[in-house]
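Fold and contact review
So you can see what is in the structure, the chains are spelled out below.
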Amino acid sequence: MIPLAARGLVVRREGSEILRGIDLDAQGGEFIAVIGANGAGKSTLLAALAGLLRIDAGEVLLDQRPLADIAPRDLAQLRAWLPQNPRAEWPLSVERMVALGLGPRLRGFGEAGPEEQARIATVLADTDLIALRARAVTTLSGGELARAMLARALVADPAVLIVDEPLAGLDPQHAWDAARRMRALAVEQGRLVIASIHDLNIALRRATRVWALHEGRLLADGPPATTITAALLGELFGMRAEIRGSGSSAYVDFAP
Amino acid sequence: MKSITGLNAKLALLLVVLALLSLLPGRAGWLLPWNLQGNDAELARLIFWELRIPRLLLALLVGAALGLAGAVLQGLTRNPLAEPGLLGVSSGAAFGAVLAIYTGLGAAFALAIPLLGFTGALLGTMLTLALGAGGGVLSLILAGAAVSGLLLAGTALVLNLAPNPYAAYEISHWMMGSLADRGWAQLFLAAPFVFAGIGVLFTTGRALDALSLGEQQAASLGVDLARLRRQVVVGTALAVGGATAVTGTIGFIGLLAPHLVRAAVGHEPRRVLWPAALAGALLLLAADVATRLLPLAQELKLGVLTGLIGSPFFLWLVWRMKARSP
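Structure report, in brief. (Residues numbered from 1 in each chain as written. Chains lettered and ligands numbered in written order. Predicted model: local features only at pLDDT ≥ 70, side-chain atom pairs only at ≥ 80, totals over all residues.)

So, the overall build of chain B
Scanning chain B from terminus to terminus reveals 14 helices and zero strands. Along chain B, from the amino end to the carboxyl end, the secondary structure elements read α-α-α-α-α-α-α-α-α-α-α-α-α-α. A compact globule built from 326 residues would reach a C-alpha radius of gyration of about 20 Å, and chain B, at 20 Å, matches this within 12%. Projected onto its principal axes, the C-alpha coordinates of chain B cover approximately 70 × 50 × 35 Å. When the 326 residues of chain B are sorted by exposure, 49% land in the buried category. Looking at chain B alone, contacts between residues at least 24 apart form 77% of all its contacts between residues at least 6 apart. (Helix = DSSP H or I, 4+ residues; strand = E, 2+ residues; numbered from the N terminus. Rg over C-alpha atoms; globule rule 2.2 N^0.38 Å. Buried ≥ 20, exposed ≤ 12 C-beta atoms within 10 Å, placed from the backbone. Contact = placed C-beta atoms within 7 Å.)

Points about the pairing of strand β8 (residues 192-196) of chain A
Residue and element names in this part refer to chain A. Counting buried residues in β8 gives five out of five residues, a clear majority hidden from the surface. Because side chains alternate across β8, one face comprises the buried residues Leu192, Ile194 and Ser196, and the other comprises Val193 and Ala195, equally buried. As defined by bridge partners, strand β3 (residues 31-35) adjoins β8 across four bridges and the pair is classed as parallel. Bridging from a neighbouring strand, Phe31 pairs with Val193 of β8. Judged from the four bridges that link them, strand β7 (residues 160-163) and β8 form a sheet pairing that is parallel. Its bridge partner being in β8, Val163 is matched across the sheet by Ala195. On the question of chirality, the crossover connecting β7 to the parallel β8 by way of helix α6 (residues 172-187) is right-handed. (Pairing = 2+ DSSP bridges. Right-handed = clockwise from strand over helix to strand, strands pointing away.)

Side note on the interface of chain B and chain A
Taken together, the contact between chain B and chain A spans 19 residues of the former and 22 residues of the latter. For the side of chain B that touches chain A, the secondary-structure elements that each account for two or more residues are α9 (205-211), α10 (215-220) and α13 (269-293) of chain B. Counting residues per element, the side of chain B that touches chain A draws most heavily on α10(B), at four residues.

Things to note about the sheet that holds strand β4 (residues 57-62) of chain A
Residues and elements named next belong to chain A. Here four strands make up an open sheet; going across it, the order is β2-β1-β4-β5 and the pairing antiparallel. Because the sheet does not close on itself, it has two edges, and the strands there are β2 (16-26) and β5 (65-66). Here five bridges tie strand β1 (residues 4-13) to β4, and the two strands are oriented antiparallel to one another. For Ala6, the partnering residue across the bridge sits in β4 and is Val60.

With respect to the packing of helix α2 (residues 42-77) of chain B against α13(B)
Residue and element names in this part refer to chain B. Remark: α2 packs on α13, axes separated minimally by 6 Å, with the N-to-C direction vectors making an angle of 140°. One way to sum up the angle between α2 and α13 is to call them oblique. When you trace α2 past α13, the crossing you get is right-handed. Here the contact of α2 with α13 is built from residues that sort into 19 nonpolar, five polar and one charged. (Axes fitted to C-alpha atoms, helices over the stretch in contact; angles between N-to-C directions. Parallel < 35°, antiparallel > 145°, perpendicular 65-115°, else oblique. Left-handed = near helix turned anticlockwise from the far one by under 90°. Nonpolar A, V, L, I, M, F, W, Y, C, P; charged D, E, K, R; others polar.)

Details of helix α5 (residues 142-154) of chain A
Structurally, the α-helix is built with 3.6 residues per turn, so residues lying three or four positions apart point the same way. Residue and element names in this part refer to chain A. For α5, spanning 13 residues, the distance from its first C-alpha to its last is 18 Å, which sits close to the expected 18 Å at 1.5 Å a residue. The buried fraction of α5 is high, at ten of 13 residues. Considered for burial, the residues of α5 that qualify are Leu145, Ala146, Arg147, Ala148, Met149, Leu150, Ala151, Arg152, Ala153 and Leu154. Taken together, the buried residues of α5 touch β6 (79-82), α3 (94-100), α4 (114-126), β7 and α6. (Expected span 1.5 Å × (residues − 1).)

Here we look at the packing of α2(B) against helix α11 (residues 225-247) of chain B
Geometrically, a packed helix pair is captured by the angle between its two axes and the distance between the axes. Residue and element names in this part refer to chain B. Here α2 crosses α11 at 150°, and the two axes come no closer than 9 Å. For the crossing formed where α2 meets α11, the hand is left-handed. Listed contacts from α11 to Leu61, Val62, Ala65, Leu66, Leu68, Ala69, Val72, Leu73 and Leu76 of α2 are Val232, Gly235, Thr236, Ala239, Val240, Ala243 and Thr247. Across the contact of α2 with α11, the residue classes tally to 13 nonpolar, three polar and no charged.

Side note on the nonpolar core
Counting 181 residues, the largest nonpolar core has Val34(A), Ala65(B) and Leu68(B) as its most contacted members. For this core, the element with the highest residue contribution is α2(B), accounting for 15 residues. Other than its neighbours up to four places away in sequence, Leu68(B) contacts Ile198(B), Leu201(B), Ala239(B), Leu273(B), Ala276(B), Ala277(B) and Gly280(B). (Core = buried A, V, L, I, M, F, W, Y, C linked by C-beta atoms within 7 Å.)

Side note on the sheet that holds β8(A)
Residue and element names in this part refer to chain A. With respect to topology, six strands assemble into an open sheet ordered β6-β7-β8-β3-β9-β10, the strand pairing being mixed. In this open sheet, the two edge strands, each paired with only one partner strand, are β6 and β10 (217-222). Between one strand and the next, the sheet's axes are offset by a mean angle of 15°, whatever the strand orientation. Docked against the sheet, α6 engages β3, β7 and β8, running at close to 150° with respect to β8.

Function cannot be read off these values alone, since they describe shape.
Written as structure tokens, this is what we have:
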């Protein structure tokens with residue numbers, strides 16, 4: 001299980017400090033929900049952890065190696081990244097779009113070898129996309145597209161999966177389904193899954209760990225049940241909140 | 001999986017047939033194989049080897065360069081309406097060539113026009129790259145539009161200041177684009193640059209495929225986007241700049257060719273490249289043969305014909321896109 005860590009991570013853009021010195025450690029088997037208000041720095045933190053941003057101070061370590069020292073092609077095989085609302089720009093078939101996740105492992109004109117074909121078939125089955133494999137991705141519904149993108153991210157078998165707001169725009173059924181899948185990737189398959197999530201009930205019940213970001217700083221870090229408290233939510237969102245119920249039936253109730 | 005080899009084979013076969021047929025008609029009359037035999041066929045052989053053959057090769061080369069560059073630019077911008085002229089390459093070539101005609105260099109030394117045209121194409125695209133570098137694809141497109149606008153204004157200025165009507169006539173003729181009266185000299189001048197550009201453009205396939213997932217996902221898959229943009233600009237400058245410098249501006253081939261083949265290869269940018277190059281060659285050759293067959297007092301300029309056929313197609317594309325978007 002490959003550990004991911006940040007040491008004194010600082011990102012500045014246009015004069016303002018978006019991340020103000022973040023230290024954290026994570027490893028395989030964890031499904032980490034990154035919570036915080038809009039503009040707290042969640043997307044920036046995820047992009048920095050994925051090695052997609054210029055960092056102004058500190059470093060991100062994947063398997064004890066600074067991300068800057070890992071060749072982009074090798075990094076692409078170790079960690080997968082999905083931005084907010086990912087979409088395909090051409091009407092590719094689901095199967096071919098998923099294959100793009102294999103990147104350099106594809107041959108001259110993008111053909112997949114037998115090993116890669118098997119890998120594609122596996123992720124399509126895991127994400128319940130077998131019936132849709134020949135469909136054009138531009139015709140998929142929001143939930144189907146989210147699954148197809150997840151398959152695209154998983155096809156290279158990454159140790160680390162970093163996803164920016166994977167639940168945005170999904171109805172409750174698809175959102176809970178996506179959260180279940182991400183938890184299974186961590187808990188059952190031993191991957192490290194880090195996702196920014198606005199639905200606090202899903203974070204509370206499905207994540208194994210929570211990172212609470214506030215104004216570019218890590219305000220809290222721990223298991224959801226003990227970390228997501230009324231006091232923390234008050235500070236994060238500036239609203240009075242209560243946690244009702246307990247264990248697997250706990251939920252967050254905001255009282256504006 | 002759709003067969004890309006099958007499509008390429010079909011296009012190549014079509015191209016060979018059309019290439020052979022294209023050798024027959026021309027302004028100097030029909031040439032049939034038996035016209036080239038015998039002692040009194042000196043003139044026919046001269047026409048065949050010095051006019052028809054280089055014109056055919058130039059058509060294939062220029063058409064392939066335009067089709068391929070169009071496919072690459074549409075892949076880079078993820079916009080089906082993109083075409084090779086986008087980066088200021090065509091307007092740069094036009095400006096350079098027009099300067100050569102205006103200054104009289106073109107009259108003194110025949111190859112001055114393509115040489116200055118090529119220099120203009122390179123300068124135009126490099127200026128676009130310099131202005132648009134650093135930002136994303138959008139800033140590159142905007143820089144290309146600004147540079148094209150400036151160079152077109154420069155070309156209009158030269159036309160405006162043209163010393164005599166003959167120079168203005170020659171300039172406007174050059175800008176229409178044609179393969180007429182081009183020989184081995186023009187072909188040898190253009191070929192090294194066009195081949196180098198085609199080579200560079202073909203290396204962009206994998207990155208263009210990844211880019212169909214958007215810039216962020218492409219970057220996460222290990223694609224160096226800044227390097228890709230440089231490759232596309234340099235490849236287009238060499239291929240389209242070299243081609244345009246000897247033929248003048250020929251529009252719509254680069255726009256049309258990728259569309260004709262895209263659905264057949266499942267829309268994947270990398271798989272569109274080869275068929276688009278072949279389709280570009282096919283379209284340009286067909287258009288050139290048509291200019292020779294149309295019974296008009298003046299031979300129709302190739303650029304005029306591709307414009308007449310291409311514009312309605314462009315409109316149809318816009319309509320189709322409008323129908324699809326909500």
